[in-house]
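As a plain string of letters, each chain reads:
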Amino acid sequence: MVVATGCGAPADPASPAVPTLAWETQYEDSTALFIGLHAVDAQTVWVAGTGGRVGRTVDGGTTWDINVVPGADSLQFRDVHGISADVAYALTIGNGTDSRIYRTDDGGATWNVSFRNEDPNAFFDCLSFWDAERGFAFSDSFEGEFTLMRTLDGGASWSRLDPATVPDAREGEGAFAASGTCVVTRPGGLGWFTTGASGVDTRVIRTTDYGDTWEETVSPIPSDAGTAGIFSLSMHSDSNGMIFGGDFGQPDSVFANAAVTDDGGATWALVGSAPLGGSIFGGSAIPGLGGAYIGVAPTGSAWTLDNGATWTRIDSTAFWTVHFHGTDAGWAAGPGRIARAVVRNLGG
């Protein structure tokens, strides 16, 4: 019902509240840099970072248990993938044997090396799992070939996928181990990895059969230098997703840093640029909120509710990695902190 004002003109209906997102810090350690993060559900979240740190919460972040993995104190964990509150995999970076995948079966109390890279030319960036048994890890290229390692038995063994089944790499082409999100998997064998640093263009390379075969697509995210390209990918569904990029070597400039797909990654189209200088290190879809994505960077964070057509800057807090399990279950981490997202005024 429209209520008339005193002058006889109808009053404007109340404007809907504008959705907002803010960060609530849950854990602080000024000596830490958290780089990998994975929310298993609304209560269980795993994080990983420098100095051999890996940790988790099982109560939505009210408490965090952060520990140094024995034998990995000199290494940097750049990715972590939780299977459950007890089982998780964490990946360290570096040439040769510094690239490793650790597995825990007891919530992080103990860790075992699941994979140790013996190739001096490999440098692993990211990993992801389809289920408790099947997953893959991605390495930068060498002499025109990418190295993809796959497990089909829960990390008991790893084998290299035949390079003939993977598109050839361009000179210097690789990925960025900035957030553990250059590799993504979805149920049913869907998987993607992203590239950059080629100085030519960027690509999204995808599989639909658990990595047996791969197809490439050139993306519109530019890679004009070794510091530029795609840094992160997140899928809202099997068909809809967003890639995030930029150039971390130019933190004072905003680049074409976001593109979307609606066909599972067969094609990508640029959308509006998130107002973040340099590169977006990590991005996440927000499940339960169609068209919503968030990007984080050392220069701040921003989010969109309309598939990247418009963006709203959240703040300038530095984060490297972000993952949402639902509208009320999202976390970001970076230098010195882990924070939970507080989303308000969603309506409905």
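Data block above holds the structure.
All of the points below concern the structure found in this document. Fair warning: this is a prediction, and the values are worked out from it, not measured in the lab.

Considerations on the overall build of the protein chain
Move 1: Summing up its helical and strand segments, the protein chain has zero helices and 26 strands in all.
Move 2: Its C-alpha atoms give the protein chain a radius of gyration of 20 Å, within 12% of the compact-globule value 20 Å for 348 residues.
Move 3: Its C-alpha atoms give the protein chain principal-axis dimensions of about 80 × 45 × 40 Å.
Move 4: Within the protein chain, the proportion of its 348 residues that are buried is 54%.
Move 5: Residue pairs at least 24 apart in sequence account for 50% of intrachain contacts in the protein chain once pairs closer than 6 positions are excluded.
Move 6: Summing over all exposed atoms, the protein chain offers an accessible surface of approximately 13500 Å²; the carbon and sulfur share of this is 49%.
Move 7: One finds the centroid of the 17 positive side-chain charges in the protein chain at a distance of 3 Å from the centroid of its 40 negative side-chain charges.

Overview of the packing of aromatic side chains
Move 1: In this structure the tally under the stated criterion is 20 aromatic pairs.
Move 2: Consider the rings of Trp46 and Trp111, whose centres lie 6.2 Å apart with planes at 85°: the pair is edge-to-face. Separated by 65 residues along the polypeptide, Trp46 in strand S2 (residues 45-49) and Trp111 in the loop between strand S7 (100-104) and strand S8 (112-116) bring together distant segments of the chain. For the pair formed by Trp46 and Trp111, the shared burial category is buried.
Move 3: When the centroid spacing of 4.0 Å and the interplanar angle of 15° are considered together, the rings of Tyr89 and Phe129 count as stacked. You can see Tyr89 sitting in strand S6 (residues 88-92) and its partner Phe129 sitting in strand S9 (residues 124-129), a full 40 residues away along the chain.
Move 4: By relative accessible area, Phe129 is classed as buried at 4%.
Move 5: The rings of Trp130, Phe136, Phe138, Phe146, Phe193, Tyr210 and Trp214 are connected pair by pair, giving a single aromatic cluster.
Move 6: If you follow Arg134 out to its NZ or CZ, it ends over the ring of Tyr210, 3.9 Å from the centre.

Remarks on the state of the cysteines
Move 1: Under the counting rule described, the total for this entry stands at one disulfide.
Move 2: Each sulfur in the disulfide pair Cys126 and Cys182 lies 2.0 Å from the other. Taking the sign of the S-S torsion, 125° for the link of Cys126 and Cys182, the bridge is right-handed. Linking Cys126 in strand S9 with Cys182 in the loop between strand S12 (159-160) and strand S13 (183-186), this pair joins segments that are 56 residues apart in sequence.

Description of the pattern of salt bridges
Move 1: Following the criterion strictly, the structure yields 10 salt bridges and no others.
Move 2: With its nearest N and O atoms 2.8 Å apart, the salt bridge here joins Arg150 to Asp212. You can see Arg150 sitting in strand S11 (residues 145-151) and its partner Asp212 sitting in the loop between strand S15 (202-207) and strand S16 (215-219), a full 62 residues away along the chain.
Move 3: Taking relative accessible area as the criterion, Asp212 reaches 41% and is therefore assigned partly exposed.
Move 4: Across the pair Arg206 and Glu215 runs a salt bridge whose closest N-O atoms are separated by 3.1 Å.

Section: the pairing of strand S21 (residues 282-285)
Move 1: Residues Gly282 and Ser284 point to one face of S21 and Gly283 and Ala285 to the other, with burial holding for every one of them.
Move 2: Both S21 and strand S22 (residues 293-297) contribute to a ladder of four bridges, which runs antiparallel. Bridge assignment links Ser284 to a residue of S22, and that residue is Ile294.

A look at the pairing of strand S18 (residues 241-247)
Move 1: The buried fraction of S18 amounts to seven of the seven residues, a majority that puts the element mostly inside the structure.
Move 2: Summarising the sheet, strand S17 (residues 228-235) and S18 pair through seven bridges and their orientation is antiparallel. Paired with Gly229 across the strands is Gly246, a residue of S18.
Move 3: Taking the residues between adjacent antiparallel strands as the criterion, S17 and S18 are bridged by five residues.
Move 4: Sheet topology note: the S18/strand S19 (residues 258-261) ladder contains four bridges and is antiparallel. Within the sheet, the bridge partner assigned to Gly241 lies in S19 and is Thr261.

Considering the sheet that holds S15
Backbone-to-backbone hydrogen bonds join strands into a sheet, with any given pair of strands oriented parallel or antiparallel.
Move 1: Strand order in the open sheet made by the four strands is S13-S14-S15-S16, with antiparallel pairing throughout. Two strands bound the open sheet, and with one partner strand each, they are S13 and S16. Recorded for the sheet is a direction-independent mean angle of 20° between the axes of neighbouring strands.
Move 2: Where strand S14 (residues 190-194) meets S15, four bridges bridge the pair, whose relative direction is antiparallel. Counted as the bridge partner of Phe193 is Ile205 from S15.

Quick look at unusual backbone geometry
Move 1: We note that Glu143 has phi near 50°; this positive angle belongs to a residue other than glycine.
Move 2: Within the element layout of this structure, Glu143 appears in the loop between strand S10 (135-142) and S11.
Move 3: By relative accessible area, which is 69% here, Glu143 ends up exposed.
Move 4: Phi is positive for Asn345, which is not a glycine, with a value near 60°.
Move 5: Structurally, Asn345 is set in the segment after strand S26 (329-344).
Move 6: A relative accessible area of 40% means that Asn345 is categorised as partly exposed.

Reading the values: the criteria
- Counting of residues starts from 1 at the beginning of each chain's written sequence and follows it residue by residue.
- Confidence filtering applies because this is a predicted model: local features only for residues at pLDDT of at least 70, side-chain atom pairs given and counted only at 80 or more, and all residues used for totals across whole chains, interfaces and linings.
- Side-chain metrics rest on all non-hydrogen atoms present in the structure, leaving aside hydrogens and water.
- In this text, helices come from DSSP runs of H or I with a minimum length of four residues, and strands from runs of E with a minimum of two, each type numbered from the N-terminal end.
- Both definitions apply: the radius of gyration is a C-alpha atom measure, and the globule rule equals 2.2 Å times residues to the power 0.38.
- The classification of residues rests on relative accessible area computed with a 1.4 Å probe and restricted to protein chains. Under 20% of the type maximum is buried, over 50% is exposed, and intermediate values are partly exposed.
- Whether two residues touch is decided by their heavy atoms; if any such pair falls within 4.5 Å, the residues are in contact.
- Per-residue and other accessible areas follow the Shrake-Rupley method at a 1.4 Å probe size, with only the shown protein chains counted as cover for residues.
- We score Asp and Glu as negative and Lys and Arg as positive, and we do not count His or the chain ends.
- A charged residue contributes its charge at one atom only: NZ of Lys, CZ of Arg, CG of Asp or CD of Glu.
- Geometry of aromatic contacts follows a simple scheme: Phe, Tyr and Trp rings, the Trp one being its six-membered ring, pair when their centres are within 6.5 Å, and the pair is stacked under 30 degrees between planes, edge-to-face over 60, tilted otherwise.
- Whether a charge sits over a ring comes down to the Lys NZ or Arg CZ being within 6 Å of the ring centre and within 35 degrees of the ring normal.
- For the purposes of this analysis, a disulfide is any pair of cysteine sulfur atoms at a distance within 2.5 Å.
- We define a salt bridge as a contact between a side-chain nitrogen of Lys or Arg and a carboxyl oxygen of Asp or Glu at a distance within 4 Å.
- Two strands qualify as a pair provided that DSSP identifies no fewer than 2 bridges between them.
- Lines fitted to the C-alpha atoms define the axes, with helices restricted to the stretch that makes contact. Angles between their N-to-C directions range from 0 to 180 degrees.

All we've got here are geometric facts, nothing functional implied.
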